[in-house]
Amino acid sequence: MAEKKATKATETKATAAKKTTTTKKAAVKAAVVVNAENIGFKAGDVYQALAAAEKALSVSEIAKAAKISEEEALLGLGWLFKEGKLLSAEDNKIVLA
């Protein structure tokens, strides 16, 4: 019987180790691909979100409306600022030019 108890304890430890490993894998973020084509698409997403809103939005609001990450929204905003299509509004909000 002592062997069975040791086996159950070992199984419990193994199960706990698997749960920890699974949790760690889920915490890894997807990397943002930085190339001209991808950033151009994100700029289009940002532009469409601002056009649909018809008002100034913050970066987090833009990301939520465009269904992209804040990092991707910032890349798209940089592209659009460089092209002169955006203006800074008050309270760190951005509006179409």
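Predicted model only: the values in this text are computed from it and were never measured.

1. Some details on the nonpolar core
Link 1 in the chain: Counting residues in hydrophobic clusters, the biggest one holds 15 residues, and the most contacted among them are V46, L50, I62, A73, L77, L86 and I94.
Link 2 in the chain: Broken down by secondary-structure element, the contributors of at least two residues to this core are helix 2 (36–53), helix 3 (59–66) and helix 4 (70–82).
Link 3 in the chain: Residue contacts for A73: discarding those within four places in its chain leaves V46, V59, I62, A63 and I68.

2. Focus: the environment of A63
Link 1 in the chain: Tracing the sequence through the fold places A63 in helix 3.
Link 2 in the chain: Excluding residues within four positions of it along the chain, A63 makes contact with I68, S69, E70 and A73.

3. A closer look at helix 3
Link 1 in the chain: Within helix 3, the full set of buried residues consists of V59, I62, A63 and A66. Axial view of helix 3: buried residues confined to an arc of 100 degrees, hence all on one face.
Link 2 in the chain: Packing partners of the buried residues in helix 3 comprise helix 2, helix 4 and strand 2 (93–96).

4. Re the confidence of the model for the chain
Link 1 in the chain: For the chain, mean pLDDT is 83; residues scoring 70 or higher make up 70% of the total.
Link 2 in the chain: Element-level pLDDT for the chain is lowest in helix 1 (residues 2–26), with a mean of 57, against a maximum mean of 97 in helix 3.

5. Notes on the pairing of strand 2
Link 1 in the chain: One ladder, built from four bridges, connects strand 1 (residues 86–89) with strand 2; its direction is antiparallel. Paired with A89 across the strands is K93, a residue of strand 2.
Link 2 in the chain: Hairpin connection of strand 1 to strand 2: three residues between the antiparallel strands, including D91 at a positive phi of 60 degrees.

Parameters and conventions
Residues numbered from 1 in each chain as written. Predicted model: local features only at pLDDT ≥ 70, side-chain atom pairs only at ≥ 80, totals over all residues. Heavy atoms only, no water. Core = buried A, V, L, I, M, F, W, Y, C linked by side-chain atoms within 4.5 Å. Buried < 20%, exposed > 50% of the residue type's maximum accessible area, 1.4 Å probe, protein only. Helix = DSSP H or I, 4+ residues; strand = E, 2+ residues; numbered from the N terminus. Contact = heavy atoms within 4.5 Å. Arc of directions from axis to C-beta. pLDDT = per-residue confidence, 0-100. Pairing = 2+ DSSP bridges.

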